Amino acid sequence: MLLSWKDLSVAFKQQLIEKRTKIFGGTKVYVAIIFLWDDYSSATYVKHKKAYGESIGFPVIVFGQNHQAEYDRNQAWKFDDVGIYINQKYDSVWKIMELIRYLNHDNECVGIIIQLPLPEQFVPYKEQLLAAITPQKDLDWLGWVILWLSEIGLVDFIPATPKAVLYLLEQYHLDDFKGKTIVILWQSNIVGKPLTIQCIKRGATVYSCNVNTPPEQIKAIAKMADYIISSTGKVHLIDDSFIRNDKTQIIVDVWYGHIDGKPVGDVHIETIKDKVASYTPVPGGVGPLTVACIFDNVFTLQHYQEVLKPYKL
């Protein structure tokens, strides 16, 4: 069975539009994305975020791409106060930090995302930049404050990609993890680690693999697993050599890359689709649902505004 976002998209979007109206009404708000280079896959993802946000009433302003950043003066929502930052050249950590400080204190900004991965020159400053985002607007939930608050149970927040995986499985009634075995590849802070925790909370036995796990061990674990969830960024890593071929396993592909300009994922779908019970497509699976869940998390952050207020940066 194909686990497609297309089957769920209309109802989910309507829910977001209704939440937008209920929580913000006619208030002018926007989501900020800091995108510091022209990586093709990331650019595609940012484009989808921008289009989806605007379709549900959340204008998205992209900062950092001087050659692409455009401030549409004809849009219904205008954010003239941020105009000075939009086409600025962000060639130093100091300038990026200045932008983050501005966004932290701009009441019209309701969410901040630093698009990952970062270009090479900013990689050493990744944690510093993520930690600079106030927890009240940390949509990716990657700052140390928000991670700590989540760890001690003060807030209950699921980052967008794990949330998308869980929602997709829930909508197809495949979310009963009790007694099930799940293998998750890899252990990123934005996908693997939080998803592992959520699956454990739901009663699963979880194997969390990383780049140091021997390939043959991964294959052995994957073959005995009920679910394989892959977010390695390695195109077509998962093929039929990882599965049991008994049409009982569920394969979730979280990654989005390209071969010859065509979108592909971690899973070589043609080799596994007739040998498993269910699988997600690329494109059209977890990726677009993740975009929707990003905006759903705007409302989750609003729910926790008072709790997060003492930690505001």
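As a convention, each chain's residues are numbered from 1 in the sequence order in which they are written. Local features in this predicted model are restricted to residues whose pLDDT is 70 or higher, and side-chain atom pairs enter the listing and the counts only when it is 80 or higher, whereas totals over whole chains, interfaces and linings include all residues. Hydrogens and water are ignored here; the side-chain numbers use all heavy atoms of the structure.

*Asks:* Help me understand the overall build of the chain, please; the structure alone is not making it clear to me.
*Replies:* When its secondary structure is counted, the chain shows 12 helices and 10 strands. A radius of gyration in this sense is built from C-alpha atoms; the matching globule rule multiplies 2.2 Å by the number of residues raised to 0.38. A globule of 313 residues ought to have a C-alpha radius of gyration of about 20 Å, and the chain, at 20 Å, matches this closely. Note on exposure labels: buried denotes an accessible area under 20% of the residue type's maximum, exposed denotes more than 50%, and partly exposed covers the range between, all computed with a 1.4 Å probe on protein chains only. The 313 residues of the chain split such that 51% are buried. In the chain, the proportion of contacts linking residues at least 24 apart, taken out of those at least 6 apart, comes to 73%. Neither His nor the chain termini are counted; the positive set is Lys and Arg, and the negative set is Asp and Glu. By convention, the point assigned to a charge is CZ for Arg, NZ for Lys, CD for Glu and CG for Asp. Put simply, the chain has 32 plus and 34 minus side-chain charges, and the middle of one group is 2 Å from the middle of the other. Helix numbers and strand numbers start at the N terminus; a helix is a DSSP run of H or I with at least 4 residues, a strand a run of E with at least 2. What makes two residues a contact is simply this: any of their non-hydrogen atoms within 4.5 Å.

*Asks:* Before we go on, may I ask you to explain a nonpolar patch on the surface in this structure?
*Replies:* Residues with no salt bridge and a relative accessible area higher than 30% make up the patches, which join like charges within 9 Å and nonpolar side chains (Val, Leu, Ile, Met, Phe, Trp, Tyr) within 5 Å. Areas reported here follow the Shrake-Rupley algorithm with a probe of radius 1.4 Å; residue values treat only the protein chains shown as occluding. By convention in these notes, a salt bridge is any Lys or Arg side-chain nitrogen within 4 Å of a carboxyl oxygen on Asp or Glu. Nonpolar side chains collect at one region of the surface, where Trp 144, Trp 148, Ile 152, Leu 154 and Val 307 lie side by side and expose about 510 Å² of accessible area between them. With respect to the helices and strands, Leu 154 occurs in the loop between α6 (144-151) and α7 (160-171).

*Asks:* Please explain the packing of aromatic side chains as it appears in this structure.
*Replies:* How two aromatic rings sit relative to each other is given by the distance of their centres and the angle of their planes. For Phe, Tyr and Trp, where Trp contributes only its six-membered ring, two rings pair if their centres lie within 6.5 Å, and the inter-plane angle classes them as stacked under 30 degrees, edge-to-face over 60, or tilted in between. Here the structure, examined in full by the defined rule, presents 11 aromatic pairs. The interplanar angle of 35 degrees and the centroid separation of 6.2 Å between the aromatic rings of Tyr 52 and Phe 295 together place this pair among those described as tilted. Pair noted here: Tyr 52 is in helix α2 (residues 40-55) and Phe 295 is in helix α11 (residues 286-303), with a separation of 243 residues, a long-range link. Just as Tyr 52 is buried, Phe 295 falls in that class too. Ring geometry for Trp 148 versus Tyr 311: centroids 6.3 Å apart, planes at 75 degrees, classification edge-to-face. With a gap of 163 residues between them, Trp 148 in helix α6 and Tyr 311 in the segment after α12 (305-308) connect regions that are remote in the sequence.

*Asks:* Even after reading the chapter, I still don't get the pairing of strand β6 (residues 227-230), so can you show me in this structure?
*Replies:* Successive residues of a regular strand alternate their side chains across the two faces of the sheet. Neither face of β6 is open: one carries Tyr 227 and Ile 229, the other Ile 228 and Ser 230, and all of them are buried. Where strand β4 (residues 181-185) and β6 come together, four bridges link them in parallel fashion. Across the sheet, Leu 185 pairs through a bridge with Ser 230, a residue of β6. Paired strands, as defined in this entry, are two strands with at least two bridges between them according to DSSP. By the bridge criterion, four bridges tie β6 to strand β7 (residues 250-253) in an arrangement that is parallel. Pairing of Tyr 227 across the sheet is with Ile 250, part of β7.

*Asks:* Got a minute to help me understand the sheet that holds strand β5 (residues 205-209) in this structure?
*Replies:* The strands making up a sheet associate through hydrogen bonds between their backbones, and the pairing can be parallel or antiparallel. Pairing within the open sheet is parallel, and its five strands lie in the order β5-β4-β6-β7-β10. Since the sheet does not close on itself, it has two edges, and those belong to β5 and β10 (278-279), each with one partner. Pairing between β4 and β5: five bridges, direction parallel. Bridge pairing in β5 links Leu 185 to Cys 209.

*Asks:* Just checking my understanding: could you explain the packing of helix α1 (residues 9-24) against α11 for this structure?
*Replies:* Each pair of packed helices can be summarised by the angle the axes make with each other and by the distance between the axes. Here an angle of 0 to 180 degrees is reported between the N-to-C directions of two axes, which are lines fitted to C-alpha atoms, with helices fitted over the stretch in contact. For the pair α1 and α11, the least separation of the axes is 11 Å and the interaxial angle reads 25 degrees. In this view, α1 runs roughly parallel relative to α11, as classed from their interaxial angle. Relative to α11, the crossing made by α1 is left-handed. Contacts between α1 and α11 involve Phe 12, Leu 16, Lys 19, Arg 20, Ile 23 and Phe 24 on the former and, on the latter, Leu 289, Ala 292, Cys 293, Asp 296, Val 298, Phe 299 and Gln 302. Along the lines of polarity and charge, the residues of the contact of α1 with α11 split into nine nonpolar, one polar and three charged. Should an angle fall under 35 degrees it is taken as roughly parallel, and over 145 as roughly antiparallel, whereas 65 to 115 is taken as roughly perpendicular and any remaining angle as oblique. What makes a crossing left-handed is the near helix being turned counterclockwise from the far one by less than a right angle; a clockwise turn instead makes it right-handed. Residues were grouped as follows: Ala, Val, Leu, Ile, Met, Phe, Trp, Tyr, Cys and Pro as nonpolar; Asp, Glu, Lys and Arg as charged; and all remaining residues, including Gly, as polar.

*Asks:* Whenever I open this one, the sheet that holds strand β3 (residues 109-114) confuses me. Can you help?
*Replies:* Spatial ordering of the open sheet is given by β2-β1-β3, a layout of three strands whose pairing is parallel. Where the open sheet ends on each side, the last strands, each with one partner, are β2 (60-63) and β3. Averaged over all pairs of adjacent strands, the angle between strand axes in this sheet comes to 20 degrees, irrespective of strand direction. Sheet analysis places strand β1 (residues 30-34) next to β3, joined by five bridges and oriented parallel. Within β3, the position partnered with Ile 34 by the bridge is Ile 114. Sheet strands touched by α11: β1, β2 and β3. Its angle to β3, the strand with the most contacts, is close to 125 degrees.

*Asks:* Help me understand the side chain of Thr 161, please; the structure alone is not making it clear to me.
*Replies:* One can find Thr 161 in helix α7. Each residue touching Thr 161, except ones within four places of it in the same chain, is listed here: Ile 190, Val 191, Val 254, Val 286 and Thr 290.

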